[in-house]
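Notes for the structure review
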Amino acid sequence: MLRNRLFPISSSILFLLVGAPVQAQESAILHGVVKGQDGQAIPEARIALESPALFGPRILFTNKNGEWRAPLLPIGSFKVTVTKEGFDSTHRSDIRVGIGSNVRIDLTLMPIKSAVVEVISAHGAVIDKTQVNSGANFSAEAMGELPLVDRNFYGALDMTAGTSSSIDGSYIIRGGAATYTNFRVNGAEVKDDYANGLGATWAIDDNIEDAQVVTSQVNVRFGRALGGAVNIVTKSGSNTFEGSLRVKLSRDDWKARTPDTTADAKWADTLNREYNVTLRGPILKDRLWFAVGTILKPNQAWSNSLGRFPDEANAPMQTGVAGVDALLNAGPGNGYQIATFDNGKYYTETFDSHYYEGKLTGAVTNDHILELSFVDQKQVYSNDDASGQALSLASLGSRYNKYQMASLNYKGILSPMAFLEGRYTTSKTTWGQDTGDPAYGGQEGVYVQVGQAGAPDNGLQGFGLPFGFALGASPEVHGNVSAALNLNLAPQAAGSHDIDLGFEYFDSYTDNGEDWGKRSLRFDVGGAYYNPQTRGYLFPTVNYPNNPSDYYVYHSPDDGHSYGAAPFVRQALGPKGRAHCNQVGAYANETWTINPNIMVGAGLRIDTNKATDVDGRTMAKSTDPTYSFIFRWDPKGDSTHLLTFTAANNAGNFNQALFGQFTGKKTTVEVDRGWSANAAELGAGAPGQVVRFVDYQTLVDLKNYNRVVSFVDQSTRNVLASDLRPPRTQEFTLGYKRGYADQSRVGVTLVYRQWLDMWAQRWDFADPYVITVQDPSRSGLPAMQDITRRYDNSSDLQREYKAVEVEFVKNLGPRWSVQGNYTYSRLTGNNDDGDIAWGGWRNNDPTMGTIMWNPIVLKNMGLSPADYGASGTLANNQSQKARLALLHVLPLGKNGRMTLALMASYDSGKPWSARNYAAIDQTKWGTDLNASYPNLGVSPDAVYRQYYSALGAYTFNDTYNVDFKATWDVPLSFANVHFIGDASIANIFNVTMPFSTYGSFTNDSSNGRTQLFMKNPAYWGTSHVTGSSYYTAGRSAKFSCGFRF
Amino acid sequence: MLRPIHRLTLAVSLFSLPAFGAEPPIQLGLVLRAGYSPAKQDNLNASLLGLGVSGDYALGSSLALRGELAYFYTPGRTYRADLQAPASGQTAPDPLRSADVRKNKLEGLVLRFSAIRALSSGWSIQGGLQAGNSRFTQEYVGNTINSSRSYQDTYNGVPTKSALSLSPFAGLQYDVDRDGALELNLVGLSYKAIDFRHTPGALLVSGDPAKPGSHLVYAGDHLEEQSRMRLAIEFSYRFRF
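Numbering of residues starts from 1 in each chain and follows the order in which that chain's sequence is written. For naming, the first written chain is A and the first written ligand is 1, with later ones following in the order written. pLDDT decides what is reported in this predicted model: residues at 70 or higher carry local features, side-chain atom pairs at 80 or more are listed and counted, and totals for whole chains, interfaces and linings draw on all residues regardless. Only hydrogens and water are set aside; all other atoms, that is, all heavy atoms of the structure, feed into the side-chain values.

Considering the overall build of chain A
Counting its secondary structure elements, chain A contains 12 helices and 64 strands. Out of the 1045 residues in chain A, the part that is buried amounts to 59%. Carbon and sulfur atoms provide 54% of the accessible area of chain A, an area that totals close to 38700 Å². A helix here means a DSSP run of H or I that spans at least four residues, while a strand means a run of E at least two residues long, and both kinds are numbered starting from the N terminus. Accessible area is worked out with a 1.4 Å probe on protein chains only. A residue is then buried under 20% of its type maximum, exposed over 50%, and partly exposed in between. All accessible-area figures derive from a Shrake-Rupley calculation using a 1.4 Å probe, and residue coverage is judged against the displayed protein chains alone.

This is the structure:
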């Protein structure tokens, strides 16, 4: 029946009403009621569920109320058959369930010999009233046929109401920071908790069975979601061999020109190829299935060049002592010349990658299923300048990024009313760096300045690493481990109950590896001389002066360069190890369907969060409750009209993105030392005693650096409040959903979400912020002053999300359908990022990085947070977002189809507010802070600024896109092989908009007046704009084709 | 085959508020709206978005009245405004160093009242009035300087103008099925537009240009108001509850 075959396309996007109260994210529920023709419930009717995704039919019986319920179902399509003595059997086919789906199928049995053999409840299976989380589901078909951003996480996110792309390109859910969006594949969290991103592909598009976006997690079973979650389940095998081979093609010269394109620009005509291969089938029929896949990409190669020094780089060195300078610039003689290494030479870098994923699904019995899945991916850059500052071809090497995931899931039916799930997952990201020239063994890093060593920072120097990069002699590893156990009970007492009891353990960790080589040392030297005959190097040295400012021996340890002739070494003394943020949660969740019209639910979860430093020290520990409530009214009892109210308090967790700022690693404790091995000091003694040319081994001998210059100890700098706890959200929603008999549906949800207990960073030029720090190397250096950064949960930070979210699907006939969403929202407050990971006051100076609040001095001056962190629309506010997709399905042959999809997208521009700041009037400080803290390395008058954020809220340009995609699946005449593929054009009207028009206030140096700076004012509005990334992307095309069987 | 008049009656009465009891005479619905307005006036974009909640009340067999609470939004594109003539005695702004960047938008929360009369085969005609508050917003950011630097003006603001608007509309409705209808309307969208006017080189009236955060006001700075009527084509889909 054409209609039944075609409708799943559009109806395959299901709107979750508010997630299955008892469902794991990787499974689904079917349930319903069996009644007779007279409307009376029929107990003891036999329900048989069949699906290619099941090892065998699932058999169950209706209870005394005619109800039946089948949890823990795999994702896929089902047939439900009901039989009862005295009645004709009846069935319902092609029932699609997605991740977390909770689909109701009501069936009516007719007496034997009745003319009607199948009657389905008029509005059944459209929307389900026992869902409690809100969001959207996307089947494999929907992901493939809609012209989405991609067929993976981001495509699903972009097509869901309540989401928006953030200013840094990642997606946020209901105003939550990207830090708090969870990404899971087969139950495993794959987001790098430290790098705060996905980093890699985690599922082959053709192997995705279903994707689910959870915008609001009302079921307390899952924690850590102050934003939301995206869950992907990959395809399992079955008793039939299936698979696909697809080649994806794109080409730069398929892109349209944009105003950014210069007149003489030429597109690369390289055809970018990627081959996706998937294969699924039985290993043991009805017992063990497999699914595997790989992505194959041809190796890529491109040309690069080493840094090129300016011609002036051979200018003479200066220290300010004439005799010394003459000696330095004469060089060591004996055939030694100023070394320029491989200045500017070209080289070819190559990129290679491999990707494998797999899944094994086994049945211990039909009621006990085990599932193991994995992803293994590696990207290798060869002949690569990992440091970005290589000076010699010999120092080029290989670096790699490795992404791995494994997930073990168990689903067991203990009895008709008791179900058990267990899960263990792990995912890991490994960054391996090359260590430079193998001849130097990755022992240490050596920065060499080539060229003029005189006037500091005059742009005439070249810096680089010709010998050892020593970025990380051992790789950096981030990852997580999780385990969970859930017992679901479904007793019948005064209605039906769904009770979840369980616990969840989640631990994310970071291992920062080594820094600056095996010795954790980085040397800076002001030049090098090379003898082409002996191929040896000599390096000029003078002792590091006791008063460096007296000479042109300027060292800047903080920016990593030595500008002078005195060598310098930074020793990293911090601890090495693995930092952890873990959460252990226990929960109970009950959903009580009192009668066909009313459902109430409540949940309580208690999490213990703990952050542990690399040395095992507990940095923060808290116990945090999450609780939720849901009330749903179904006035007709048939799920066609659902009115839902939810209230939830969601606790967050300590995560690596946050704690990476505080946890220890080698570079958190550093001591800087200057060269001291020469016979005489600068300005004292004969030049021959002051200057010495030394070889490499002498240069990197730590014994020659006994003049301690400065130190930093991050372990004393960050102070966490003893009662520090994760931020949390409170959310209230009121939703109305309407489902129709043709599987069309529409929903409107009002959302209010606020963030509480967000973290404030405070530091000040006052007690207790200023502390005395002892020399961590115990080298005799005098103690130093430092300013501590103190973190606590602050009620002064505000962030709120208010929205009207609309989602709809309309089936206009057997071949046409429309679907889309619209979000009207406001994200306001004074905390721009929703957490402190990279947060800042709204409209604060972005270069300041983190939230800064100088509570004592500013308060004493009568300034309030409103003065330096005004409230208003936040940077990620997107007031309007709309998606509208029109799909047309053409049947091709017996089982084939072509889908044409057109999607219009509208995204309103993000806000920008003219901002400015001024140094705060020092006369109001009361005391001379500059004089009070002379040794801090930073002046109070450079820190205290008063911000002016209320100069107006503007919006960047809105963006409009119309995208087209044609997808085909054509059966061929042999061996059940289908020809598949798609062709898509993004932004077919080539609407390109400048998205960054405004700049900021700045001072005009010519007259000292404040003026508003606008980007490229001279060129704005003309057809060609210099600068990159100034316009939105132009039209582009993609194509893929292949076979499935 | 039902006659058109009966189809309308079916649409209006049989599916009236089925969820909330016994067939009340009011049929609720949710409307999603997209529109096109080609006029370049006020630099508003050609697109229009909107949504609303409506109630239909059947009057006899072929006529129905509709009330709707609706929100509409017309975004604008960023544009570079023409620089005004300089103040007396001043030279014109240097175009390479001066700019005035603006963006407008129009939105409104309105009540729409209309009458619907059935035609044939699911088609109906409708017409009515949209009344409510329209709000026009202009974002402007300007920096003007002449080549001799005898003046340098910086100005910015986000003024809004709310006005009671009355807009007529008329169009067609097609019942896709009993659950929903497509609509095509022509609407004359009335509103009050504002446009900031600044004379380069005019005397500074208030504010201190050397003080950050100081809002600068120059002699002659003002908002020009214009009453507008903007023609738009609306495409709507109405989900019947």
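Some points on the sheet that holds strand S7 (residues 90-97) of chain A
Residue and element names in this part refer to chain A. Strand order in this open sheet of 4 strands is S4-S3-S6-S7, and the pairing throughout is antiparallel. Both outer strands of the open sheet, strand S4 (58-61) and S7, are each paired with one neighbouring strand and no more. Here the average twist between neighbouring strands, direction ignored, is 20°. Strand direction decides the pairing type here: strand S3 (residues 46-50) and strand S6 (residues 76-83), joined by 5 bridges, are antiparallel. In the sheet register, Ile-47 faces S6, and the bridge partner there is Val-82. Strand pairing follows a simple DSSP-based rule, namely that at least 2 bridges must link the two strands. For helices, the fitted line uses only the C-alpha atoms of the stretch in contact; every axis is such a line through C-alpha atoms, and the angle between N-to-C directions lies from 0 to 180 degrees.

Some thoughts on the environment of Asp325(A)
All names here are of chain A. Within the secondary structure, Asp-325 is located in helix H4 (residues 322-330). On the basis of relative accessible area, Asp-325 is assigned to the buried category, the value being 12%. For the pair formed by Asp-325 and Val-691, sequence separation is 366 residues and the distance between their alpha carbons is 9.1 Å.

Topic: the nonpolar core
Among buried residues, those of type Ala, Val, Leu, Ile, Met, Phe, Trp, Tyr and Cys that are joined through side-chain atoms within 4.5 Å constitute a nonpolar core. One finds Phe138(A), Phe153(A), Val190(A) and Trp202(A) to be the most contacted residues of the largest nonpolar core, which totals 34 residues. Beyond its immediate sequence surroundings of up to four residues, Trp202(A) is in contact with Phe153(A), Val185(A), Val190(A), Tyr355(A), Glu357(A), Val375(A), Tyr403(A), Gln404(A), Met405(A) and Lys428(A). Only heavy atoms matter for contacts: two residues are in contact if any of them lie within 4.5 Å across the pair.

Re the pairing of S4(A)
Residue and element names in this part refer to chain A. Every second residue of S4 is oriented toward a common face, the buried set being Arg-58 and Leu-60 and the non-buried set Ile-59 and Phe-61. Both S3 and S4 contribute to a ladder of 4 bridges, which runs antiparallel. Directly across from Arg-46, in S4, lies its bridge partner Phe-61.

A word on the confidence of the model for chain A
Residues and elements named next belong to chain A. On average, residues of chain A carry a pLDDT of 82, and 82% of them reach 70 or more. Confidence of the prediction at every residue is given by pLDDT, a number between 0 and 100. Across residues 114-126 the pLDDT falls below 50, and counting only partners more than four positions away or on other chains, this stretch makes 32 contacts in the model. Here residues 1016-1029 is modelled with pLDDT under 50, and outside its nearest four sequence neighbours on either side it reaches 32 contacts, counting other chains as well.

Here we look at unusual backbone geometry
All names here are of chain A. Of note, the amide linkage connecting Asp-767 to Pro-768 takes the cis form, showing an omega dihedral of 0°. Tracing the backbone shows Pro-768 in the loop between strand S47 (758-762) and strand S48 (770-773). Of note in this structure, Glu-44 is not a glycine but carries a positive phi near 60°. Residue position: Glu-44 is located in the loop between strand S2 (28-36) and S3.

Focus: the pairing of strand S5 (residues 99-118) of chain B
Residues and elements named next belong to chain B. Burial runs high along S5: 14 of the 20 residues are buried. Summarising the sheet, strand S3 (residues 63-74) and S5 pair through 12 bridges and their orientation is antiparallel. Residue pairing in the sheet places Thr-74 in a bridge with Leu-106 of S5. Bridge analysis of strand S4 (residues 79-80) against S5 gives 2 bridges, and the strand direction is antiparallel. Along S5, the bridge assignment pairs Arg-80 with Val-101. Taking the residues that link successive antiparallel strands as the turn, the S5-strand S6 (residues 123-145) hairpin has 4 residues, and the phi of Ser-121 there is positive, at about 45°.

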